[in-house]
Amino acid sequence: MTHFVRNAWYVAAWSTEIDGELRRFTILGDHVVMFRKTDGTVSALEDRCPHRLLPLSRGKRIGDTVQCGYHGLTFDGTTGMCTRVPGQTNLPRSAYVTAYPIEERHGIVWIWMGDPEKADPSKVFDMPEFSDPDWAVHHGDALYLKSNYLNVAENLVDPAHVSFVHPTTLGNAASENVPVHVQTEGEAIVAWRWIRDAEPIGFFKGFGGFTGNVDRWHYYYLYTPCTAVIDFGSVETEKNCAEEDRNAGVRIFALHLITPVTETETIDRWLHIRNTALDDPQAETTMDAMFRKAFQEDKEILEAVQEEEDRPARRRPIRLAIDKGPLVYRKRINDLLELERTEDLASDPSPAFVYHD
Amino acid sequence: MTHFVRNAWYVAAWSTEIDGELRRFTILGDHVVMFRKTDGTVSALEDRCPHRLLPLSRGKRIGDTVQCGYHGLTFDGTTGMCTRVPGQTNLPRSAYVTAYPIEERHGIVWIWMGDPEKADPSKVFDMPEFSDPDWAVHHGDALYLKSNYLNVAENLVDPAHVSFVHPTTLGNAASENVPVHVQTEGEAIVAWRWIRDAEPIGFFKGFGGFTGNVDRWHYYYLYTPCTAVIDFGSVETEKNCAEEDRNAGVRIFALHLITPVTETETIDRWLHIRNTALDDPQAETTMDAMFRKAFQEDKEILEAVQEEEDRPARRRPIRLAIDKGPLVYRKRINDLLELERTEDLASDPSPAFVYHD
Amino acid sequence: MTHFVRNAWYVAAWSTEIDGELRRFTILGDHVVMFRKTDGTVSALEDRCPHRLLPLSRGKRIGDTVQCGYHGLTFDGTTGMCTRVPGQTNLPRSAYVTAYPIEERHGIVWIWMGDPEKADPSKVFDMPEFSDPDWAVHHGDALYLKSNYLNVAENLVDPAHVSFVHPTTLGNAASENVPVHVQTEGEAIVAWRWIRDAEPIGFFKGFGGFTGNVDRWHYYYLYTPCTAVIDFGSVETEKNCAEEDRNAGVRIFALHLITPVTETETIDRWLHIRNTALDDPQAETTMDAMFRKAFQEDKEILEAVQEEEDRPARRRPIRLAIDKGPLVYRKRINDLLELERTEDLASDPSPAFVYHD
């Protein structure tokens, strides 16, 4: 059994990764060929000819169609239907490839790998700061990890690891024993903590220019299945900042757009949105460098965890107080998987039969 | 279950690949050690000592015997029987390795991997042009492919791929929609087509010196399980050549001698026989270069197909009008496999019980 | 099913391999983290945090404890019990890692991977020559082999391979047909032979300086499961040496301390103890070089055997007169495995129920 929720929007690529060439991407274990059509929109097709299984990305783009490189079967880039079979005039009904719904916004290409009838563009993740002139958006990079996406996502709703994995970048010893709050807010799981009146962490020494003690916050929002927003920042302790006034400090949203590649591989495309140093490209470079260092620390941990998960286990892992966020996340994923596994008429979100308990 | 027909002659090697040294070959998934005995004939033994399983190719040739490199058990190069066990005087009956029947002709070493009692030398593939002074024979090369032999063989009775895989060498757009004829002729499956009054393909521009339009033929003969003969050529259109008069044109037999190595690896030893430029070594070099380019195109396709076949499938592949030859071929292989799988008295080619339907 | 006897002392490392750093070793398929505590003794813990499975060797040593690098759980280096869980004050009973019993002597670190209650330090292999001033001990090296430990151990109670695998180092043709004696002496299986009045082998030409004919002995002691002692030497034939007077010749004990790493990987740590050239470092260098060459010959054979064992078999391997030692060894291992597999009250070494046959 695979552990992928299919009925969801996933990030397929940065917009800059897709052009007129046929390019292969692997998403939820499936191969997808993508290219930009003549009208500029993105075509995303199953990357396997239904005849002799050659990847279509080995073939040739002809206008807005793709011609298979083995026997010339040709498929429409929008519908996936076969438009030509050399050697015969009829086009069999089963001569098609899956065409995946695509939404592109803010330089990000989202793909829907599940039931196309359920693909609702209004459900694509968005936040107002993307379009707000008081905020600056900066695309970071695509981090490839040899680890299951659940390990990667769970790490993003887990403030407790920061002191130990990122002691010189995103955390320090001051936070080791500060309790973590966790709650759900609609589709988001939120874990957060404030570390009050402490030395600034390495990141905010480098960015923000703090010298004295600060109040620092970390809010981890994880939207099921695969979008994480980390709202973190610092403000001088003497300002006595209220929790809801975080815009008064140096505030950064670090977004992690997680794409399950295979059961043991994940891509984490990350970007950040900030309220400080808006027109300062040097600030972006500095932040990128700090993030890269921190995410490399995560990568090493998460890949080592995956290796151990792949080995036989003698006993069940233990769970602790700090695992509240990850546990809620895994439960939500399991519920979604179960819903998709048994999908039938009753699994409709508005069932006719109402259960009273 | 493996998908190898065992009771058949396969090409083990070019004659030039075998000398006095012990050399390992892998054929139908089995390791075989081969060397040339003192009388010049080829010894082919199971490459695994029955004692502690060391490959005999790790041992030492002593005259026409092979001595295991671990404990010195020695095996006769002709019969495979053990002739010496150091430390004891009796030779146990089960101390032997399989000795495979071998036939060598026209510089090609054929091996029989099945029941030795069924090995009939008269069934080794041959054709009169090998020995006819009006024809020149030229050994090409051994192409290694990471693809199942069925994919490789099927590609050789599939004229429809030529326009798309070899657009600049063996085919061009003129043939894309020309129908393919398929029939069986005894043990051969034959697929063919004539492309009349068209521009010569790249191959016959380079070889044959055609400038005006030509009639071009491709006849694909596939002898079960693994020998393919492609009879192809061109003749000036104005000569109005009949189908049976192909010797009047520039005619080439391209032979593909296919050896299944493992379930996912195949060697295609190819050679060509021509009725033109008999004493022209430059012609051979030119042809080799063109073939190498074309076969590299096949290799890339067939290896990509294998990768996809190794992945889980959501739906059944489709079959088309152009697949007639491949379908007959796969059916024949399946019939042979079934015959070998259930081999018993009734599977004899002349059963006593006759079924009336 | 794994084929490891767990209730036994195995060599974990040379003493020199372990210092204050956290180091990972793989033994019987399990990962173990080892380091030297402040009192100089060796800590050996299961190398996997019971929380999110990160190897502890990725974490940090803090005094005599190990802190996990993911969430900071901390474990005692002696007991394996968790001493700290950041974010909570209670320490759950199941928060522990296995702590393995260790014995260190003669520069060798022994580990007990089985039931700790059965770990009896008096059962660690020892021999008086380790501490006898008339003998010199020299640690050799750690040879890594891609082969199951049974193949490696069995090779060490198998004098018959010497003539064929080591014809220029440890054996020569003179011994090919000399019979091998085998008997059991308590926990040891002993195989031996004397080659009388023959040319010295390469080893004793290089070490011992023999020029005329010698009597040469090889005694192979294999202590179940994984300790081999090879007592071999040479003495001038004219001295007419009795079997029990081997100290009169040049005598060497070559010890092989075999550690199963995984089902297909083994480490053979070897050392030698000699009664000749005690204070001659050049002798050690010469012996090391000769051993290295010979053990490389074994490695090539044993890895090739493993490759064949991993392939499907058509028929059962045969066993010969020379296999007496290996057969007794495999039977003993199988008996021990069966005892561990079904371990219950009745498997106690002093059962209340006595079987009369």
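Residues numbered from 1 in each chain as written. Chains lettered and ligands numbered in written order. Predicted model: local features only at pLDDT ≥ 70, side-chain atom pairs only at ≥ 80, totals over all residues.

Looking at the relation of the copies chain B and chain C
And step 1. It takes a turn of 120° to lay chain B on chain C, together with a shift of 0.1 Å along the axis; the resulting RMSD is 0.1 Å. The relationship between the two copies is best expressed as a three-fold rotation axis. Ranked by how close their C-alpha atoms come to the rotation axis, the residues of chain B are headed by B:Asp310, at 12 Å. (Least-squares fit on C-alpha atoms with pLDDT ≥ 70 in both.)

Details of the interface of chain B and chain C
Bring the parts together and some accessible area is lost; that lost area is often taken as the interface size.
And step 1. With 19 residues of chain B at the contact, the number on the chain C side is 19 residues.
And step 2. Its residues assigned to classes, the side of chain B that touches chain C comprises nine nonpolar, seven polar and three charged. (Contact = placed C-beta atoms within 7 Å. Nonpolar A, V, L, I, M, F, W, Y, C, P; charged D, E, K, R; others polar.)

Some thoughts on helix H4 (residues 281–309) of chain C
All names here are of chain C.
And step 1. When the terminal C-alpha atoms of H4 are compared, their 41 Å separation across 29 residues agrees well with the 42 Å that a helix rising 1.5 Å per residue should span.
And step 2. Among all positions in H4, only Met 287, Met 290, Phe 291, Ala 294, Phe 295, Glu 297, Asp 298, Ile 301, Leu 302, Ala 304, Val 305 and Gln 306 are buried.
And step 3. Contact partners of the buried residues in H4: strand E11 (136–145), helix H1 (149–155), helix H2 (162–165), helix H3 (202–206) and strand E17 (265–274). (Helix = DSSP H or I, 4+ residues; strand = E, 2+ residues; numbered from the N terminus. Expected span 1.5 Å × (residues − 1). Buried ≥ 20, exposed ≤ 12 C-beta atoms within 10 Å, placed from the backbone.)

Quick notes on the sheet that holds strand E1 (residues 9–14) of chain A
All names here are of chain A.
And step 1. Strands sit in the order E1-E10-E9 across an open sheet of three strands; the sheet is antiparallel. Of all the strands in the sheet, just E1 and strand E9 (102–105) have a single pairing partner and so form its edges. Going from strand to strand, the sheet's axes swing by 30° on average, the running direction of each strand aside.
And step 2. One ladder, built from five bridges, connects E1 with strand E10 (residues 108–112); its direction is antiparallel. By the bridge assignment for E10, Tyr 10 is matched with Ile 111. (Pairing = 2+ DSSP bridges. Axes fitted to C-alpha atoms, helices over the stretch in contact; angles between N-to-C directions.)

Topic: unusual backbone geometry
And step 1. That bond from A:Thr224 to A:Pro225 is cis: its omega, 0°, falls within 30 degrees of zero.
And step 2. Of note, A:Pro225 is situated in the loop between strand E14 (214–223) and strand E15 (227–236).
And step 3. A positive phi angle is found at A:Leu53, which is not glycine, with a value near 75°.
And step 4. For A:Leu53, the location among the structural elements is in the loop between strand E4 (42–46) and strand E5 (60–62).
And step 5. On the basis of neighbour counts, which here come to 19 C-beta atoms within 10 Å, the residue A:Leu53 falls in the partly exposed class.
And step 6. Positive phi, close to 50°, is recorded for B:His106, a residue that is not glycine.
And step 7. Mapped onto the elements, B:His106 comes out in the loop between strand E9 (102–105) and strand E10 (108–112).

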